[in-house]
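Residue-level listing of the chains:
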Amino acid sequence: MKPTTPTVRWGLLDAVISGIAPRTASRRYAARVAIANMRRGYDGAARGRATDGWVAGGTSADAEIAVAGPLLRARMRDLVRNNAIAAQAVQVLVNNIVGSGIIPRANTGDAELDKTVDQLWQRWAATCDAHGHTTFQGLLSLAVREMIEGGDVFALKRPQRKGAAGGVPLRIELREADHLDEARANHLRDGSGIRQGIEYDKSGNRVAYWMHPNHPGNSLAVTQSAPVRVSANMVAHLFERQRVQNRGVPWGTPAMRAIRDVDDWQNAELVRKKTEACLVGIVFGAEEDQMSIAPTVQDADGNRVEQFEPGLIAYARGGKDIKFNQPASTAGVYEWHRVQLHIIAAGFRVPYALMTGDLSQTNFASSRVGLNEFRRMVAQIQHQTVIPMFCEPIWRWFIEMAQVAGLLPTDAHIPAQWTPPRFESVNPLQDAQADMLEVRAGFSSLPQQIARRGLDPETLIADWAAFADKTDALDLVFDSDPRLVSKAGLAQTNDPSQPVQPPDQGNT
């Protein structure tokens, strides 16, 4: 076996040291070899012809967003307005993150207080929109859409002098990322200052936002008022953090170029097909070498009309023969298009089948695997971004204003338990059986399983008890009543609410 040539050369200094202290020379050479191996291990950091043109800066996330943020928002909104794939990707994300709503329930441990708070929330949530258009869940859906499409959204606390119908005197106003005065900057020696319209103290905590009262891009506004300083405790800022950053970017940013390229390719392909379909054939003549593909149709002035139309036959002077046009077929278009759509779906972090509606390449097992991973991502966004950055601040505002109005005790700490919407089951029977086994094995409780379905366990149990009392009064028996009917649909021989009597050991 031929020995390999070492990649680290044995230098003159190594030879000198080895003659005096061989062990030191050995350790030194081993360290040089280890360093060379570390450098050689990262191909992505290599410099050469293969990486020419790869420009990667070491700027912070805030510095990159400050430069590219406004243009990214404008381009993403244009894609969502005019591109069906981008619009569907955003809608799929909103449907799964918010759905019918993320429901809060008071969790103080006091059943009566929890019931009072929940009823107060339901009344307030129906009219909490400062613009009077929707409910709290509608505001949440719009906020998540703005986060995905524009990168940021702001919810402003708007205290009222008096609540509607004696309710909580609070309204919520949503503002887009463009309302922030991004050009405002002020850096002080103690570390405090204003960056991208957000004011920080010397510890790096947010203390205020500088916002335009009207949208800067509103062409209907007669005058644009100066930015106003809004205290940070009056603002809930919703955005996704992918680095240590203070602003967000649109979710589809990695797929923007791919969407644009596919859109341009589709338009070019459509124009090519239309052009090929316009010219059906050309009639050739033997007498003249010069030919004209202009049609023989003339206008009112006797001029030839030189244009292409579907089904057009062009005549050459003295034509005696005809050659029909044969449009060229393009192979592999569907496969190439599907690959591009997969890239776009990955950039938006949505399953390809949900974004396109194309289920031809999926089966039951693959669809479940893909949905499970997508649902884990959705649950992460719900519990680590949407709830702590948007829902919880608004809940605190609600409790604070309710206590100020005397509707709730001022000395009570009232946290909320938020329940996201349930995911629709791909196989309802198997999933229901698995949930039952988990409860029977003690891996989860019945209230937890009820909450996973987006329902309130207390409300469900109360409804079930009221319905059971009504059916008992009417002498009605349903298979869904475990008190009277077994799982197999047979009448219970004993009352399940009574303890089972042990058998008489004296009888055989």
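Sequence positions are assigned chain by chain, starting from 1 and proceeding in written order. The model is predicted, so local features are restricted to residues of pLDDT at least 70 and side-chain atom pairs to those at 80 or more, both for listing and for counting; the totals for chains, interfaces and linings are taken over all residues. Neither water nor hydrogens contribute to the side-chain values; these are computed over all heavy atoms in the structure.

**Q** Explain the sheet that holds strand β4 (residues 186-187) to me, please; I cannot follow it from the model alone.
**A** Neighbouring strands of a sheet are bound in pairs by backbone hydrogen bonds; such pairs are parallel or else antiparallel. Here, a strand pair is defined by DSSP locating no fewer than two bridges between the strands. Segments assigned H or I by DSSP are reported as helices when at least four residues long, segments assigned E as strands when at least two residues long, and all are numbered from the N terminus. In spatial order, the strands read β4-β5-β6-β7-β8; together these five strands make up an open sheet with antiparallel pairing. At either end of the open sheet lies a strand with only one pairing partner, and these are β4 and β8 (228-231). Pairing analysis gives three bridges linking strand β6 (residues 198-200) to strand β7 (residues 206-211), with the strands arranged antiparallel. Bridge assignment links Glu199 to a residue of β7, and that residue is Ala208.

**Q** Mind showing me how you'd approach the nonpolar core here?
**A** Generally speaking, a soluble globular protein has its nonpolar side chains buried in company with each other. Joining through side-chain atoms within 4.5 Å is the link that ties buried Ala, Val, Leu, Ile, Met, Phe, Trp, Tyr and Cys residues into a set, and such a set is a nonpolar core. Think of it in three bands: with a 1.4 Å probe and only protein chains considered, a residue is buried below 20% of the maximum accessible area for its type, exposed above 50%, and partly exposed in between. Of all hydrophobic cores here, the largest spans 70 residues; its most connected members are Trp124, Phe348, Phe390, Trp395 and Phe398. Examining the composition of this core, we find that 16 residues originate from one element, helix α10 (residues 364-404), more than from any other. Counting 10 residues, the second largest nonpolar core, distinct from the first, contains Leu180, Tyr200, Tyr209 and Met211.

**Q** For this particular structure, what's the right way to read the packing of helix α4 (residues 84-97) against α10?
**A** Two numbers describe a pair of packed helices, the interaxial angle and the distance between the axes. The interhelical angle for the contact between α4 and α10, taken along N-to-C directions, is 70°, at an axis separation of 10 Å. Between α4 and α10, the crossing angle belongs to the class labelled roughly perpendicular. For the pair α4 and α10, the sense of crossing is right-handed. On α10, the residues touching Val92, Leu93, Asn96 and Ile97 of α4 are Phe374, Met377, Val378, Ile381, Gln382 and Val386. The angle between two axes is taken between their N-to-C directions and runs from 0 to 180 degrees, where each axis is a line fitted to C-alpha atoms and a helix contributes only its stretch in contact. Note that the term roughly parallel is reserved for angles under 35 degrees, roughly antiparallel for angles over 145, roughly perpendicular for angles of 65 to 115, and oblique for everything else. Crossings are classed by handedness, with left-handed meaning an anticlockwise turn of the near helix from the far one by less than a right angle and right-handed meaning a clockwise turn. Only heavy atoms enter the contact rule, under which two residues are in contact if any of them lie within 4.5 Å.

**Q** What is the right way to look at the packing of helix α3 (residues 61-82) against helix α6 (residues 136-150) in this model?
**A** Relative to each other, α3 and α6 sit at 115°, their axes nearing to 8 Å. It follows from the interaxial angle that α3 and α6 lie roughly perpendicular. Contacts between α3 and α6 involve Arg73, Met76, Arg77 and Val80 from the former and Glu146, Glu149 and Gly150 from the latter. Amino acid classes used here: Ala, Val, Leu, Ile, Met, Phe, Trp, Tyr, Cys and Pro are nonpolar; Asp, Glu, Lys and Arg are charged; the rest, including Gly, are polar. Residue classes in the contact of α3 with α6 are distributed as two nonpolar, one polar and four charged.

**Q** Honestly, the pattern of salt bridges in this entry has me stumped. Any pointers?
**A** For side chains bearing opposite charge, pairing can occur when the charged atoms are close. Any carboxyl oxygen of Asp or Glu that lies within 4 Å of a side-chain nitrogen of Lys or Arg is treated as forming a salt bridge with it. In this structure the tally under the stated criterion is 17 salt bridges. The partner of Arg77 in a salt bridge is Glu146, with the nearest N and O atoms 4.0 Å apart. With a gap of 69 residues between them, Arg77 in helix α3 and Glu146 in helix α6 connect regions that are remote in the sequence. Glu146 gets classed as buried once you look at its relative accessible area, which sits at 14%.

**Q** In this structure, what is going on with the packing of aromatic side chains? I would like to understand it.
**A** Aromatic ring pairs are defined here through the distance separating the ring centres and the angle between the ring planes. Note on aromatic contacts: the rings of Phe and Tyr and the six-membered ring of Trp form a pair at centre separations within 6.5 Å, being stacked when their planes are under 30 degrees apart, edge-to-face when over 60 apart, and tilted otherwise. For the structure on display, the rule yields 12 aromatic pairs. Ring geometry for Trp121 and Trp124: centres 5.1 Å apart, planes at 50°, overall tilted. Remark: Trp124 and Trp121 occur in helix α5 (residues 111-125); sequence separation between them is three residues, near one turn of the helix. Taking the centre distance of 5.1 Å and the plane angle of 90° together, the rings of Trp121 and Phe398 count as edge-to-face. Taken together, the residues span a long stretch of sequence, with Trp121 in helix α5 and Phe398 in helix α10 at a distance of 277 residues. With respect to burial, Trp121 and Phe398 carry one shared label: buried. Through successive ring pairs, a cluster of aromatic residues spans Trp121, Trp124, Phe136, Trp395, Phe398 and Trp418. Here Arg184 stacks its cationic end above the ring of Trp210, 4.2 Å away from the centre of that ring. Directly above the aromatic system of Trp251 lies the positively charged group of Arg349, at a separation of 4.0 Å from the ring centroid. Over a ring means this: the NZ of a Lys or the CZ of an Arg is within 6 Å of the ring centre and within 35 degrees of the ring normal.

**Q** Explain the sheet that holds strand β3 (residues 170-176) to me, please; I cannot follow it from the model alone.
**A** The three strands lie next to each other as β3-β2-β9, forming an open sheet whose pairing is antiparallel. Because the sheet does not close on itself, it has two edges, and the strands there are β3 and β9 (235-238). The average undirected angle you get between the axes of adjacent strands in this sheet is 20°.

**Q** Honestly, the confidence of the model for the protein in this entry has me stumped. Any pointers?
**A** The predicted structure's coordinates, where accompanied by low pLDDT, should not be read in detail. The predictor attaches a confidence to each residue, called pLDDT, with possible values from 0 through 100. For the protein, the average pLDDT comes to 82, and 81% of its residues sit at 70 or higher. Taken element by element, the protein is modelled with least confidence in strand β11 (residues 312-315), mean pLDDT 53, and with most confidence in β9, mean pLDDT 97. Across residues 286-300, where pLDDT falls below 50, the model places 29 contacts with residues more than four positions away in sequence or in other chains.

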